[in-house]
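Analysis of the macromolecular model
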Amino acid sequence: MEDIYVRHLELLGYEKRFFPSQHYVYMLMVKWSDLSEKLIYRTYPEIHTFHKSLKDMFPIESGQIEKRDRIIPSLPAPRWLWESEKSRETTKSTLAEYCQKVISLPPHISRCKHLSNFFKVRPEDENPPAPNTLKRAETFLVSRDQARGVASEISAPIILDTYRVIADFEKSTKYEITLHTGDLVEIVEKNENGWWFCQCESKRGWIPASYLEPLDGPDEAEDAEPNYEGDEHITIQAYKAEQDDEISLEVGETVEVIHKLLDGWWVVRKGDETGYFPSMFLSKAGKRERLNPGGQRPPPRRSTIRNAKSIHNKSRQRLSQDTYRRNSRRYFQQKGSRLSEPQRNSKNAAKSPLKERKNQDNIPEMSGSSSESELKKEAPVIPPRPSPELILERCTDNTRKKVSIHNVRVTRL
């Protein structure tokens, strides 16, 4: 059996720990050739020691014989790492860059035993030392754009997003985490496929986003807005609908994603049909990316979770598939009108968004039996003035305060 090797290495950030004494550990996401993903922790001196031994193993590639032959990236010595903020910003070879470059080396280096053994999971990675009861570890993260780009200075300390578990979740693989209703977790990584990597006290693992809710409000507010123009994707795995509002698709079908939701179930459009579909079974057209590199199963939908207990009075609300279909029809009608009459002052414009606000689905009411003449009913070029209440609802807080002050002054006069 062929030995597995590291196929991707990414710096997520670092932690400032206070047990058994104050020190720093780096958080590294290691993706292996068997499609497994592991979060490991290494100190900077450990990484630098590994770097030096790697150079000794490959003297030619490290430039020890001829400098011009060097392909192994450089890494600053530990004594320079925490010297000052200025030195970190001006350092040319950062740790994030080093991770990218070392894994891109020729296979005889990037897949060697020494490298694989160093990045394997250790017991302390899965069960870190007991935390200091007086001081909590501080987490510093690197943004994804920085981690994958050229520059990658580490950001200032931030607080990880905290979510609440709404129902008991029992792990089915060693990569997941068992949690109970009411547990509070910190989110390390939000994956588009609906599986989020979180930590709860000393436990870490993956959990479906559908089992989580933010502490400050209903979670549908975090979803992206629908895009009825559509984002073209190709199905990389077949799926047979299990719910009425889902859609069945075979491998290789081209669909348009019109609503990306955080729980990993996206609304896709195939012709006149729309429905929920697992995002991990989709790949963006023209690219080889996969939203499910770890081979995980689709996360459960919120509607299928039993005994879910939310702390928010407002329940999670989603648009119906009928709403998506009607809004899609309206988009195509508007698009066709623009293409056929580019120079004409549009008399068939859709209702003003101010009017659409009255509809609870935020779409214009359109009967399925409406005739063509009704669809082309003339509308005024200039929409009617919105009500003062709607203006106040949509304006900024600063404007709202000024209006309130003005009203108070008028009342006194």
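Residues numbered from 1 in each chain as written. Predicted model: local features only at pLDDT ≥ 70, side-chain atom pairs only at ≥ 80, totals over all residues. Heavy atoms only, no water.

- The protein chain is annotated in an unreviewed UniProt entry as Neutrophil cytosolic factor 1 from Oreochromis niloticus.
- UniProt lists a comment for the protein chain under the heading Subcellular location (unreviewed entry), and it reads "Cytoplasm". (UniProt positions renumbered as here; feature names shortened; annotations may be inferred.)

1. Concerning the environment of Asp245
- Relative to the assigned elements, Asp245 resides in the loop between strand E10 (231-235) and strand E11 (254-259).
- Once the C-alpha coordinates of Asp245 and Phe277 are considered, the two residues, 32 residues apart in sequence, prove to be 9.4 Å apart.
- When residues no more than four places from it in sequence are discounted, the contact partners of Asp245 are Gly275, Tyr276, Arg301 and Gln321. (Helix = DSSP H or I, 4+ residues; strand = E, 2+ residues; numbered from the N terminus. Contact = heavy atoms within 4.5 Å.)

2. Section: the sheet that holds strand E12 (residues 265-270)
- The strand order across the open sheet formed by five strands is E13-E12-E11-E10-E14, and the pairing between neighbours is antiparallel. The strands lining the two open edges of the sheet, one partner per strand, are strand E13 (273-278) and strand E14 (282-284). With direction set aside, neighbouring strand axes in the sheet form an average angle of 45 degrees.
- Sheet topology note: the E10/E14 ladder contains three bridges and is antiparallel. Paired with His233 across the strands is Lys284, a residue of E14. (Pairing = 2+ DSSP bridges. Axes fitted to C-alpha atoms, helices over the stretch in contact; angles between N-to-C directions.)

3. With respect to helix H1 (residues 44-57)
- Helix length check: H1 (14 residues) gives 20 Å between terminal C-alpha atoms against 20 Å at 1.5 Å per residue, within 8%.
- Residues Tyr44, Ile47, His48, Phe50, His51 and Leu54 constitute the buried set of H1. Projected onto a plane normal to the axis of H1, the buried residues spread over an arc of 155 degrees and lie on a single side.
- On its buried face, H1 is in contact with strand E2 (23-32), strand E3 (37-42), helix H3 (95-103), helix H4 (107-110) and helix H5 (113-118). (Expected span 1.5 Å × (residues − 1). Buried < 20%, exposed > 50% of the residue type's maximum accessible area, 1.4 Å probe, protein only. Arc of directions from axis to C-beta.)

4. Focus on the sheet that holds strand E5 (residues 162-165)
- Judged by pairing direction, the sheet is antiparallel, and its five strands sit side by side in the order E8-E7-E6-E5-E9 without closing on themselves. For this open sheet the edge positions go to strand E8 (203-208) and strand E9 (212-214), each flanked by a neighbour on one side alone. Across the sheet, the mean angle separating the axes of adjacent strands is 45 degrees when strand polarity is ignored.
- Taken together, the three bridges between E5 and strand E6 (residues 184-190) define a ladder with antiparallel strand orientation. Within E6, the residue paired with Arg164 across the bridge is Leu184.

5. As for the packing of aromatic side chains
- Applying the stated criterion across every chain, the model contains 13 aromatic pairs.
- Where Tyr163 meets Trp196, the ring centres are 5.3 Å apart and the plane angle is 85 degrees; that geometry is what we call edge-to-face. Remark: Trp196 occurs in strand E7 (residues 195-200) and Tyr163 occurs in strand E5; sequence separation between them is 33 residues.
- Since its relative accessible area comes to 4%, Tyr163 is described here as buried.
- With centroids separated by 6.4 Å and ring planes inclined at 70 degrees, the aromatic side chains of Phe277 and Phe281 adopt a geometry described as edge-to-face. This pair shows no difference in class: Phe277 is buried, exactly as Phe281 is.
- Among the aromatic residues, those joined into a ring-pair cluster are Tyr239, Trp265, Phe277 and Phe281.
- If you follow Arg111 out to its NZ or CZ, it ends over the ring of Tyr5, 3.8 Å from the centre.
- Directly above the ring of Trp265 sits Arg301, whose terminal nitrogen or CZ lies 5.8 Å from the centroid. (Phe/Tyr/Trp six-rings, centres within 6.5 Å; stacked < 30°, edge-to-face > 60°. Lys NZ or Arg CZ within 6 Å of the ring centre and 35° of its normal.)

6. Let's talk about the pairing of E5
- Judged from the three bridges that link them, E5 and E9 form a sheet pairing that is antiparallel. When the sheet's bridge partners are listed, Val165 is paired in E9 with Leu212.

7. As for the nonpolar core
- Of all hydrophobic cores here, the largest spans 46 residues; its most connected members are Leu179, Val185, Ile207, Leu212, Val268 and Phe277.
- The biggest single contributor to this core is E7, with five residues.
- Of all hydrophobic cores here, the second largest spans 28 residues; its members include Tyr14, Tyr98, Leu105 and Leu115. (Core = buried A, V, L, I, M, F, W, Y, C linked by side-chain atoms within 4.5 Å.)

8. Some thoughts on the pattern of salt bridges
- For the structure shown, the criterion picks out twelve salt bridges.
- The residue Arg42 makes a salt bridge to Asp125 at a minimum N-O spacing of 3.1 Å. Placement of the pair is Arg42 in strand E3 and Asp125 in helix H6 (residues 123-126), with a sequence separation of 83 residues.
- A residue is classified by how much of its surface remains accessible, and Arg42, at 0% relative accessible area, is buried.
- Among the charged side chains, a salt-bridge network with shared partners connects Asp231, Lys260 and Lys284. (Salt bridge = Lys/Arg side-chain N within 4 Å of Asp/Glu carboxyl O.)

9. Some thoughts on the packing of H1 against H3
- Two elements in contact, H1 and H3, have axes separated by 13 Å at closest approach and are oriented at 35 degrees. Viewed along their axes, H1 and H3 form a crossing whose handedness is left-handed. Across the interface between the two elements, Tyr44, Ile47, Phe50, His51 and Leu54 from H1 touch Leu95, Tyr98 and Val102 from H3.
- Of the residues assigned to the contact of H1 with H3, the class counts are seven nonpolar, one polar and no charged. (Left-handed = near helix turned anticlockwise from the far one by under 90°. Nonpolar A, V, L, I, M, F, W, Y, C, P; charged D, E, K, R; others polar.)

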